[in-house]
Amino acid sequence: MDEKLIKSLLEAAAYPEPTAAVRLVETHVSFIFITDHFVYKVKKAVDYGFLDFTTLDRRRFYCGEEVRLNRRLCPEVYLGVVELRETAEGAGFYGGGKVVDYAVKMKRLPQERMLDHLLGEGAVCAADMVRIAQAVASFHAGAERAPQIDACASPGAIGENWEQNFRQSAPFVGSTLLAGELAEIRQWVDAFLSGNKTLFHTRIAGGFIRDCDGDLHSGNICLTDPVCIFDCIEFSEKFRYIDTAADLAFLLMDLEYAGRADLSRALLAAYREASGDRGMAPLLDFYKAQRAFVRGKVTSLRLAQPGQSPEESAAVRSAARRYFRLSRGYTLRDRLTPTLVLTCGLSGSGKSTLAAELSRELGLDLVRSDLVRKALAGVPAVGVEPSAAYREGIYSEKMDRTTYGTLLVEAERSLSGGRGIVVDATFRRRQDRERFRQLAARLEVPFLILETRCSSEAARERLERRRHDPAEVSDARWEQYQRQQAEFEFPAPGESLLIDSALPVWDGADRVLAAMGLLA
């Protein structure tokens, strides 16, 4: 679609119904025009190997498939396929001019109820996961089965899909994916497929291979009543003819990517209850790794979209990088024992960034002192305490002791449940670190202190940036930094693993993974 057509479709006159405005959202495969009440989705004339929309007939056919398949889960939303015709102004979805393309027409869903939006707002709870799980389980129970569908979930067919993804991701090596990471993932996948053939065949025999959704993630779920799950895979049967565990694993991974492992666990428990499927557990990390890898590839493809600002390109590159690293993280988890990890460092030294990355990659529980402190005090998580003087109010010595005592309880709860945990706090006092060391010794689990450091200039820049971030939960500011520095009881040599947070967080995370014996 050329610039002239795009420009004409941004005008209200291009649409058969009145609209005050038109907004364009561009993905790597579609132009999506959003009016006041409807959405028109035009497929790009692209060929990525895993899909081919390069001819008008192909785009018309796959528009039809998109409507047919998505009506399984969202019947009221998908209105049909409409023709895009030539007009005097360029193009429009009306008239008798020459057909230049086709579009899927949908009812517009409320943006404020989209799951990815709600996750960003922190407005999703376990009850929402129950609703989603019940909808997905019901869909899976009625989804089509057939011998040709079963064939797509054999170890050989799954291996071919992986190989295709490896080939298609080769252009991103050195950008969003490192060669070593690719090699590690490939080696693990090969070993898993060869060592678990019986498991895959058991799933086939059990009837768990179905014509599924194939693209089940938070961006494609709207928490309306009923729940609307839309935008399934229409362009490739082999990407839909999958194990129901692989379908669910996409959303489980997506929640973990968003830092909500608690919701992932809630979704899995609710799906097991609704579906009765108790045998998927050994395959979940394998399918999560596959889903994260595909997401890294697809996100990397967005780097080729024209018109992106440097900031937008950097955000896309970072997102793709994180997906690929998450994929690698799933391959490491079977070698990970429950571990107690502490952060330690001055405010603004990069503790929380590193803690979040480690938690995401390794599936470790994460507890933040900032959130615990504010919950104990009964104050909002976001926003600076009006009278947050140094070591007063919720930052008094008494509140410090209560906060660290609660962190200790949370750490013991996770470790006793067989899960590792990252405790994200300054740990400025030696005695606080010692209490956690003693807990690890009593529970006989590995213990690691991560001491993050950076220049004062870098810390000041980060702390000043927090003033303008409405989602920031930390109240620490530069005015308090020097006083904190003067009283900090830094770890003795050999007590901690030093991390230079001026380097990319990926470098710091790899240092930690190596220290944990997960990387060579």
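Presented here is an overview of the structure given in this document.

Moving on: the sheet that holds strand E6 (residues 99-107). Remark on secondary structure: sheet strands pair via backbone hydrogen bonds, oriented parallel or antiparallel. Read across the open sheet, the six strands follow the order E1-E2-E3-E6-E4-E5; overall the sheet is antiparallel. Two strands close off the open sheet at either side, each with one partner strand: strand E1 (23-26) and strand E5 (90-92). The mean angle between the axes of side-by-side strands here comes to 30°, regardless of whether they run parallel or antiparallel. Bridge count for strand E4 (residues 78-87) against E5 is three bridges, and the pairing is antiparallel.

Turning our eyes to something else, we now look at the side chain of Asp 475. Note on placement: Asp 475 falls in the loop between helix H18 (456-466) and helix H19 (478-487). On the accessibility criterion, Asp 475 (4% relative accessible area) is buried. A polar contact of 3.0 Å, which involves the side chain of Asp 475, links it to the side chain of Lys 374. In this structure the side chain of Asp 475 is engaged in a polar contact, spanning 2.7 Å, whose partner is the side chain of Tyr 395.

With that settled, the discussion passes to the environment of Leu 79. Checked against the element boundaries, Leu 79 lands in strand E4. Remark: the alpha-carbon pair of Leu 79 and Leu 118, spanning 39 residues in sequence, is separated by 26 Å. Apart from residues lying up to four places away in sequence, Leu 79 is in contact with Phe 38, Arg 71, Lys 105, Met 106 and Lys 107.

Attention now moves to the nonpolar core. Residues Leu 115, Ile 132, Trp 162, Leu 267, Phe 286 and Tyr 287 are the most contacted members of the largest nonpolar core, which totals 56 residues. With 10 residues, the single largest contributor to this core is helix H10 (residues 244-257). Those residues in contact with Leu 267 that lie beyond four places of it in its chain are Met 129, Ile 132, Ala 133, Leu 248, Leu 251, Leu 252 and Leu 255. Judged by nonpolar contacts, the second largest core, of 27 residues, contains Leu 407, Val 423, Ala 476 and Tyr 481.

Glancing now at the state of the cysteines. Taken as a whole and judged by the stated rule, the model has one disulfide. Disulfide pairing places Cys 74 opposite Cys 228 at an S-S distance of 1.7 Å. One disulfide, between Cys 74 and Cys 228, carries an S-S torsion of -95° and so falls in the left-handed class. Here Cys 74, found in the loop between helix H2 (56-70) and E4, pairs with Cys 228, found in strand E9 (residues 228-229); they are 154 residues apart in sequence, far enough to count as distant. With respect to burial, Cys 74 and Cys 228 carry one shared label: buried. The thiol sulfur of Cys 212 is not disulfide-bonded, and the nearest other cysteine sulfur, from Cys 232, lies at 10 Å. With no disulfide of its own, Cys 454 lies closest to Cys 344 among cysteine sulfurs, the gap being 13 Å.

The next thing to look at is the packing of helix H13 (residues 310-332) against helix H20 (residues 505-515). Geometry of a packed helix pair, given as the angle between the helix axes and the separation of the axes. Orientation of H13 relative to H20, taken along the N-to-C sense of each, is 10°, at an axis distance of 12 Å. Judged by the inter-axis angle, H13 sits roughly parallel to H20. Contact with H13, carried on its side by Ser 318, Arg 321, Arg 322, Arg 325, Arg 328 and Leu 332, involves Val 505, Trp 506, Ala 509, Asp 510 and Leu 513 of H20 and no other residues of that element. For the contact of H13 with H20, a count of residues per class yields five nonpolar, one polar and five charged.

Overall, parallel pairing links the five strands, which are arranged E12-E13-E11-E14-E15 in an open sheet. Of all the strands in the sheet, just strand E12 (365-368) and strand E15 (497-500) have a single pairing partner and so form its edges. With direction set aside, neighbouring strand axes in the sheet form an average angle of 20°. Pairing between E12 and strand E13 (residues 421-424): four bridges, direction parallel. Directly across from Val 367, in E13, lies its bridge partner Val 423. In this fold helix H14 (residues 351-362) packs onto strand E11 (340-344), E12, E13, strand E14 (447-453) and E15, with an angle of close to 160° to the strand it touches most, E12.

About the criteria used
- Residues numbered from 1 in each chain as written.
- Predicted model: local features only at pLDDT ≥ 70, side-chain atom pairs only at ≥ 80, totals over all residues.
- Heavy atoms only, no water.
- Pairing = 2+ DSSP bridges.
- Helix = DSSP H or I, 4+ residues; strand = E, 2+ residues; numbered from the N terminus.
- Axes fitted to C-alpha atoms, helices over the stretch in contact; angles between N-to-C directions.
- Buried < 20%, exposed > 50% of the residue type's maximum accessible area, 1.4 Å probe, protein only.
- Polar contact = N/O pair within 3.5 Å; in protein donor to acceptor, adjacent residues only side chain to side chain.
- Contact = heavy atoms within 4.5 Å.
- Core = buried A, V, L, I, M, F, W, Y, C linked by side-chain atoms within 4.5 Å.
- Disulfide = S-S within 2.5 Å.
- Parallel < 35°, antiparallel > 145°, perpendicular 65-115°, else oblique.
- Nonpolar A, V, L, I, M, F, W, Y, C, P; charged D, E, K, R; others polar.

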